[in-house]
Structure formats: C-alpha cells, structure tokens
4 protein chains.
Amino acid sequence: MSGGPATETDRLKAWERVSAAPLTVLSVLFLVVYAVPILRPDLSPGLRDVCVATTVVVWLLFWADIIVRLRLATDRRRFLREHLFDLVVLTLPMLRPLRAVRLVMVVLTINRRTELWARGRLAVYVAATTALLVLFSALAVLDAERLASDANITSFDDALWWSTVTITTVGYGDYYPVTAMGRFVALGLMIGGIGLIGFVTGSLATWIVERVSAAADRPVAATGDDVAALRAEIAALRRRLDPDPADQSAG
Amino acid sequence: MSGGPATETDRLKAWERVSAAPLTVLSVLFLVVYAVPILRPDLSPGLRDVCVATTVVVWLLFWADIIVRLRLATDRRRFLREHLFDLVVLTLPMLRPLRAVRLVMVVLTINRRTELWARGRLAVYVAATTALLVLFSALAVLDAERLASDANITSFDDALWWSTVTITTVGYGDYYPVTAMGRFVALGLMIGGIGLIGFVTGSLATWIVERVSAAADRPVAATGDDVAALRAEIAALRRRLDPDPADQSAG
Amino acid sequence: MSGGPATETDRLKAWERVSAAPLTVLSVLFLVVYAVPILRPDLSPGLRDVCVATTVVVWLLFWADIIVRLRLATDRRRFLREHLFDLVVLTLPMLRPLRAVRLVMVVLTINRRTELWARGRLAVYVAATTALLVLFSALAVLDAERLASDANITSFDDALWWSTVTITTVGYGDYYPVTAMGRFVALGLMIGGIGLIGFVTGSLATWIVERVSAAADRPVAATGDDVAALRAEIAALRRRLDPDPADQSAG
Amino acid sequence: MSGGPATETDRLKAWERVSAAPLTVLSVLFLVVYAVPILRPDLSPGLRDVCVATTVVVWLLFWADIIVRLRLATDRRRFLREHLFDLVVLTLPMLRPLRAVRLVMVVLTINRRTELWARGRLAVYVAATTALLVLFSALAVLDAERLASDANITSFDDALWWSTVTITTVGYGDYYPVTAMGRFVALGLMIGGIGLIGFVTGSLATWIVERVSAAADRPVAATGDDVAALRAEIAALRRRLDPDPADQSAG
C-alpha cells in the first residue's frame, strides 16, 4: 500500500488506515460468534463448531494485523511497549475461562475506528460506552453462570436486568453471580457503575456551577490581553517622553 | 383568535396561549383515567369503559391540538422536525403494552404550562420532578406487574415504596419487578435516581466551594471594567502629551 | 430578667438566653422518655406511666416557652410566621402515630443551643448530624415496626444496623420496614443518605480542585487591589502633567 | 546510630529511619499470622500456637519500638499526645474481640514506610488503599462471622465478594454480616465506600471542569505578575517626569 519511496511510519499509518474497516467487521463477527452460543445454548453441534472455527480464524487475523504493524514500525521496541496491553488481550482470550476478554478485544478494535465520533460530545460517548458495558457484562455473566448448579442468572433477559441493577448500584439481590468468573465480571461492572455515577455527577456539578455563575451576572475578570493592551499604551507614552535612540532613531 | 391582520406565527402563539389551560386540565384527566383502573382493579366494567372512552377522547383532542398547531405554523417542515418527539409520544400510548407512555404525555403537556414557575428556583423544580417520577413509576410498575403470576409488587403502597427504594439506589430487594415492562420502568427510575444524586451532589459541591471561598475572604479578582477604567486614564494622559489633530483639533 | 426599661426585643433575647440550658435538659429528657419504652418493651406499667407523664409535662413546658416568647415578641404576627414550623412540630407529636416527630422537636431545641459549635468545622457538624439521624431513625423505625406481625426489624441492634445500611444506600435487604410509618422513617433516612453522600463528594471535589490547582503552581490572578494601586499611580502622573486648579491649588 | 554529639531529635529520626524496614517486615508477618488461622480454620493446633506466639512477639516488638521512640523524644509529653492513636491501636488488639484492630496497626506501620510512593499520583494511592480495605475487611468479617450459628459469610471467597459488593454500595444481600463485630467491619467498609465514590466523582468533576474550560478556549485571566510589570512601567514614567532627589540624584 502507498508504494514508492514512502517512509516506514507512512507505511504503518497507511496500513492502519486501510485495515481499520476490515478489522471492525472482524471484531463485530468475533462478538457475534461469542454471543450466539451464549444466547442459544441449544445450538446444533455443527453451528457451534462454525462459531469456534470463526473465533480461531478471526483471532489469527488479529494476530496477523499486529505482526504486520510491528514489522512496519520504525521503532519496534517502542511499538511493543506501547501495545503491551493489546498483546496481553490478544493472548489471553483463547484460554477458555478467560474468554470474556474477547469482548475487551472487540471494544479495543472498534475504538480504533471511532476516533472520529469520539471527538463529538463526551456525553454521547459515555452513554454508548455504558450501554456496551451493560450488554457485554450480561453476555459474559450469563456465559459464566449458566454452568453453575446454584446459579440464578440463567437467561439473557435476567442477565441484562442484573447488569442494569448492578451498574446503577441499586443491587436488589433478586439475581447475583455465584461463580468466580461471574463475580469478576460484576467487579468490572461495579467499577464502571461508580465511574458512570461520577461522570454524571461531575457533569451536573459543572453545569450547575456555570448556570449559577451566569445567573449571578458576575463581572468578567480582566484577561491577560486586557493588561497587554494597557502595557502597549504605557510603553508608547514612555517612548514619547523619553525618546530612546535605538527605538526612535528617526525622531 | 386574535383576529385582524395577524401573521401566522402570531396566530400559533395565540392558540398556544389560549389552549394551555384546557390542555392542562385534559392531561390531568388523562392521568386520572390512567391511574384509577390501576389503583382500583375491582372497578365495575361500566366505569372501566368510561375510563377507556375518556382516554380515547382526550387522546383525540391532543391530536387535534397538534394538527391545529401544524396548520398555523409558518414553516411546517420545521414544526414537524421540532415536535418529532411529541408526535412519537402521541402515537405510541394507544398500543396497550406501551400505555405507560401516556404519563410522558401528561408530563410534556403540564411542562408547557409550568414555564413560569420553572424559572423559579432549580431545586424546587428538581424536587417536584423527582416526586412525580416516583409517583408515576409506582403507577406504571403496578400496572405492568399486577398481571404477572410471580409478581411481588401487587399493591400501590408497595409500588410507591419500591420506587422510593429504587430511585435512592438503596434497593433492598424486598420488592422488584419481574416483567419486561416493569423492568423498563425501573430502568427509567434508576437513571432518574442517578441524575437526582448527581444534582444534589453537584449543588452541594457548588455551595461548599462558594462557602469555603467566602470564608477564606479571598481578594477579589480585577475585573475587565477595572482595567478599562485604567486604560481610559492612560489614554487621556497620552492625549495630553501628544496632541493628535484628529482628537484635539481645538487645542 | 434584665429588669428596668428594657425594650421588648431585649426581654425576648434575655428569655431565650436564660431558657436555653433548661430547654436543652428538657429535650434530652424528652428523648430519654421516648427511647426507654422502645428499647425496653418489657417495662413495668408503672415506669411506662412515668414516661408518658414526663412526655406530657415536658411537652407542656415547651408550649409554655413558646407562649412566653410570643408574648415578649414586639411583632407577634412576624414571630408566628417565623416559628410556624416550630408550632407544627409542637402540635403533631401528641398524636400517637406521629410520635416520631418528637425527635425533630429534640433536634430543634438542641440546635438552638449548638449555634456556638456549629460555627466550627462543617465536617464535624455533618458527622454529628449523620450519627443522630442514624440513631433517631433506628429508634423511630423500631417503634413503628415492633407492633407489625410480619416485621423483621424487632431489636434495637437490628434497627441500628438497618439504618446504617440504608443511609449508605447499600441496602442489603436483610432488614426492611413493612409498616407505613417505618417506611416514612426510611424515606427521611434515604434523603439524608443522599445528602450525606453529596456532602462528602462535594467536599472531596473541592479539596481535590484546590490541591490540584496548588500543585500546578498556577500564577495568582491580579486582584482589584492591584489595579486600584495602578490607578492611583497613573492619577498622580496625570496631575503632575496637567495641574487641575481644584486638585492642586497649592501648586 | 549516628554516634557523636547528635541531639536527641536527630537520634529519634535516625532510629525511625533504621527501624522502618524491620517494622515493615514485622507488620507483614503480623498480617500473615492474623490471616492464616482465618483462611485455614483446619490448621493443626501446633501451627495455631506458632501463630499466636508470633503475634505476641511482634506485638511486644511494636511496643519496644514505641518505648524507644518515646525515650529518644525531646518533648515526651508532646510525643505522647501526637501518638495517642498509635498507643490505643497498640493496646486494643490483644483483646480477642478487637483483634481486627491488628489490621489498622499493619496499615499504620506500612504507611510510615510508604511516604515516598504516596507522594506519587493520588489516584494510585486511593486505588491501593481501596484494594487493601476490601482485602482486610474480608479477613476481619470472616473472622467475626465464622463462629456465628446463623452466619452466611463462611468462606474467604464469599467474604471477598461481600466486601466488594458493600464498598460499591451495590449491596445485593446474598451475603451480610449477622454479628456485632462483623457489622462494625461493615460500617468501616461502607464509610470507605462513600469516600471512594466521593473521590472518584470529585476527580471526574475536576477533570471535566478542566477539559470543558480548555475546550472553550477561554481568555487567560491577568496575573498579579502582569500587573506588577505594568506598575514598574508607570513608576519609571513618573520618575522621568517628576525627578525625585532621593531617586534620581545623578540627574
């Protein structure tokens, strides 16, 4: 891509631009083949095998992408250091008990592409992230809990309800995880919930402070520009009184 | 109304002014015929029919109002765009499973009229909105849950208690919705609860910041006006030293 | 008190100063005779009667105090308006179902006396108020619940634990009120809990903002005093150049 | 240590520097012999005795340290006043029902050493403190509850899950303490949870305020330095016009 005498960094950027769309499609596919066997436990063995195979293929393509990017990078050591988290997230999810990490991979890949709309309003980004967090937690907790004998989260409806009740810190206790994996998912969701409340509260506080200060019609503080203008005025005055040869040689 | 050579916009405004009071009465009536069959499940079939008929009549009157307003609007496309949410809210509530949307319609109609007192203190508005949210959620959840076989919210007292426990995010779990509709109502209530906590927290933070900064008796920052006064002083000084023909022709 | 030609307002203030200490003692006594029959349901009928009698006597003394103050007030109509809440709180608690209002009366009377230490640090005041709120809610909820057949809050230990779990909005659901009175107490406690979280959050936010801005070692904004000094300097300069007869007559 | 004519304060500081590392090791050992019998209730009587003996020995060494420091202090009365909390924490934990206080002792001793990294980012410190609070609460609640006949927190996994659910104020109610000691531990954890939410919220609010104000590209306020520079300029101007003998004697 972008043939000719391009530098290595240019080639890395070109690759990332070209691969963004296919990777987004792959990550959505990864999500689908993660979600389908969870949502449909009565899936035929054939379709279940298709899901497993697709998972492996997409996973290998993700690895291929990062290896290409590593080879195109000028400073490979720095690339490895900066993408350490990506590498960990790429390595872990093939271990069955950690398959929920696949969802993190999906989020990371989609986020690469969403830089554009992320520059939009912060509130929209937070709302979308929260919705995804609730949805993915519901999938992951259902996957973790369904096998447990004393589990009470056994349908996707209940899992979605549980994750909503948890992220808002209401916590009725009608549903709760009983497995270690399910509790790890809950931990992430609770931390997300606290962050969400913190964000909403912080935004409202900011908005109230501004509204109150606007309503009070307070005098505007003097700016550095105001003072700079003053200074120019005085400097001109001084030059008039005390002509400096270097400054007013023409005088 | 407002006869004579009035422009179309004037006539729209006149209509909205004249129709505000009857629409408020209609929306309260709409609330009553929504609430009564929920609060009194043993209502006689005759009265139940009266409620259904009143609902339909009020609903048609709401439609009539928006059609009149659309016809009076100068820029009809813009009117439709701006009132899209109203149109959706007007269309949905006649579908039985979405009848809770009627409450949103009531809130929207009352809000049109309350512009006046909404300009009052923000805290009063938030408190009133919270009380309405708790009350309407109790009605809606009771309506959704009563039919379910495994429901535990079966009386209005319990529904009111449940919505209080939910909006404060306490969530004992002695009562909780089990139907999809009831859980949707809960979702709205929880989001409201987070907003409420955010508002209270934000207000308290603002108040503390102001109290602390007042207590510290900090020096007042220089204002733009202070600096402007300074500048005028210096400008006068300069004119005195360096008379400009355009400025001091009389000198 | 303060004999001689004192004005009526002086006499009101003198009465309030003199009566503060006895009223505090009375209000603590009021709290004790409220709490003892709740904490010891197996109290002998004789002691129970003593408690009821003491309640009535203290209550009459509270009424005597407000009547004396009303008679000493210069503007009686204004006094009534300003003490409307006190009058309501004095009237209600003799109705058995509203006896929890007695606690509000105790708080009001103690608060009159605590003006001094309330001027101290806000945090201490909030912590003390929170502790009292938890303690009084436990008493009131135990009083309300004990008589109910399906109550689960039946000991003071459990009531104290319940009010702690509620004010922090944790809400396990191991204990919860089932009576209307108990739920009203819970409502007050939850609102208190939200306010408490709001206060803590607001204080922390204020403290962080100040710490961060101190750490960043930001330049200090110019103050109005700085600019006033500047102005005096320039005014002196102008007088020197352009002597004004009214201003420099001695020149 | 630091022989020669060192002052007493120097010797105290030298002792504290030298003893910091061994005390940290001792406090970790103290934590281990606190935790092991809780995590392994089936410990052999021999090993259990080793734990008890180690606890006593470490406890005596802590006492030895504070006595040495008291003797090295110049102003012993002030030392006692400043270390009152340490003395209380050193006295209490040998009483069996208060053995959870040993954890506070561990935290205090480790904190002496962590001054260095505590100066790092506040967020890291808060996260580490939260993790320790959750871990230690789980140990203490398990210790308190295991003996109770109606306890539901009976394994370390459940205790850890319970403390996570509590600190985030979710409070499902699947696990909750039933003993007085367990409830005291819960109280500490809930207060910690509110503080944690307050900190996160406050940090987010600060961050949002700064982000929003940076995005709005507001004019920078004039600083005191700006105005001081202006003043110097005007003073020079005035000296030029109105030569002061003390100031411009050479003119």
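Residues numbered from 1 in each chain as written. Chains lettered and ligands numbered in written order. Predicted model: local features only at pLDDT ≥ 70, side-chain atom pairs only at ≥ 80, totals over all residues. Heavy atoms only, no water.

Attention now goes to helix 2 (residues 45–72) of chain D. With 28 residues, helix 2 of chain D extends 41 Å from end C-alpha to end C-alpha; this agrees with the ideal 40 Å at 1.5 Å per step. When we look at burial in helix 2 of chain D, the residues that qualify are Cys51, Thr54, Thr55, Val58, Trp59, Phe62, Asp65, Ile66, Arg69 and Leu72 of chain D. (Helix = DSSP H or I, 4+ residues; strand = E, 2+ residues; numbered from the N terminus. Expected span 1.5 Å × (residues − 1). Buried < 20%, exposed > 50% of the residue type's maximum accessible area, 1.4 Å probe, protein only.)

What follows covers the confidence of the model for chain A. Residue and element names in this part refer to chain A. A residue-level look at chain A finds 78% of positions with pLDDT of 70 or above and a mean pLDDT of 79. Here residues 115–120 is a poorly scored stretch, pLDDT under 50, and it has 3 contacts once near neighbours within four places are set aside; other chains count. Reported confidence for the predicted complex is 0.73 by ipTM and 0.79 by pTM. (pLDDT = per-residue confidence, 0-100. Contact = heavy atoms within 4.5 Å.)

Further remarks concern the packing of helix 2 (residues 45–72) of chain C against helix 4 (residues 84–91) of chain C. Packed helix pairs are specified by the crossing angle of their axes together with the interaxial distance, meaning the distance between the axes. All names here are of chain C. Where helix 2 meets helix 4, the axes come as close as 11 Å, and the angle between the chain directions of the two elements is 155°. On the basis of the axis angle, helix 2 is roughly antiparallel to helix 4. Note on packing geometry: the crossing formed by helix 2 with helix 4 is left-handed. Of the residues in helix 4, those touching helix 2 at Trp59, Phe62, Trp63 and Ile66 are Asp86, Leu87, Leu90 and Thr91. (Axes fitted to C-alpha atoms, helices over the stretch in contact; angles between N-to-C directions. Parallel < 35°, antiparallel > 145°, perpendicular 65-115°, else oblique. Left-handed = near helix turned anticlockwise from the far one by under 90°.)

All names here are of chain D. One can find Ser163 in helix 8 (residues 156–167). Between the alpha carbons of Ser163 and Ala229 there is a distance of 58 Å; along the sequence they are 66 residues apart. Excluding its chain neighbours within four sequence positions, the residues that come into contact with Ser163 are Val134, Ser137, Ala138 and Leu189. A polar side-chain atom of Ser163 sits 3.1 Å from the main-chain carbonyl oxygen of Leu160. (Polar contact = N/O pair within 3.5 Å; in protein donor to acceptor, adjacent residues only side chain to side chain.)

Residues and elements named next belong to chain A. As far as domains go, chain A holds domain 1 (1–95) and domain 2 (118–241). Across the contact, 7 residues belong to domain 1 and 7 residues belong to domain 2. Taken together, both faces of the contact between domain 1 and domain 2 bury some 580 Å²; the carbon and sulfur share is 75%. On the domain 1 side of the contact with domain 2, Tyr34, Ile38 and Leu39 bury the most area, a combined 71% of that side's loss. (Domains from an automatic or database assignment. Buried area = accessible area lost by both parts, 1.4 Å probe.)

Now for the side chain of Arg183 of chain D. Along the chain, the position of Arg183 of chain D falls in helix 9 (residues 180–215). In this structure Arg183 of chain D touches Asp157, Asp158, Trp161 and Tyr175 of chain C together with Pro177 and Val178 of chain D, once residues within four positions along its chain are discounted.

Before going further, it helps to examine the environment of Pro41 of chain C. Residues and elements named next belong to chain C. Of note, Pro41 is situated in the loop between helix 1 (8–39) and helix 2. With a relative accessible area of 44%, Pro41 lands in the partly exposed category. Along the chain, Pro41 and Asp143 lie 102 residues apart, while their C-alpha atoms are 9.7 Å from each other. Apart from residues no more than four positions distant in its own chain, Pro41 is found in contact with Arg48 and Arg146.

Moving on, we come to helix 4 (residues 84–91) of chain B. Residues and elements named next belong to chain B. Looking at helix 4, one finds that the buried residues are Leu87, Val89 and Leu90. The arc enclosing the buried residues of helix 4, seen along the axis, measures out at 165°, which places them on a common side. Exposed side of helix 4, more than 90 degrees from the buried face: Leu84 and Phe85 are the residues found there. (Arc of directions from axis to C-beta.)

Bringing the packing of aromatic side chains into the picture now. Residue and element names in this part refer to chain A. All told, the structure shown has 8 aromatic pairs over all chains when counted by the stated rule. Look at Phe30 and Phe62: their rings are 5.7 Å apart centre to centre, the planes differ by 80°, and that puts the pair in the edge-to-face class. Of this pair, Phe30 sits in helix 1 (residues 8–39) while Phe62 is found in helix 2 (residues 45–72), placing the two residues 32 residues apart along the sequence. Both residues of the pair, Phe30 and Phe62, belong to the buried class. (Phe/Tyr/Trp six-rings, centres within 6.5 Å; stacked < 30°, edge-to-face > 60°.)

What follows is about the UniProt feature "transmembrane region" (unreviewed entry) in chain A. Cross-referencing UniProt, the feature "transmembrane region" (unreviewed entry) maps to residues 20–39, 51–72, 122–142 and 184–209 of chain A in the present numbering. What you have in residues 51–72 of chain A is 100% helix and 0% strand, and the ends, taken at the C-alpha atoms, are 32 Å apart. (UniProt positions renumbered as here; feature names shortened; annotations may be inferred.)

All right, on to the pattern of salt bridges then. Considering all chains together, one arrives at 16 salt bridges over all chains under this definition. Among the ionic pairs, Asp65 of chain B bridges to Arg69 of chain B, the shortest N-O distance being 3.1 Å. You can see Asp65 of chain B and its partner Arg69 of chain B sitting in helix 2 (residues 45–72), 4 residues apart, about one turn around the helix. Looking at Asp65 of chain B, the relative accessible area reads 6%, which means it is buried. Within this structure, Glu16, Asp65 and Arg69 of chain A form a network of salt bridges that share partners. (Salt bridge = Lys/Arg side-chain N within 4 Å of Asp/Glu carboxyl O.)

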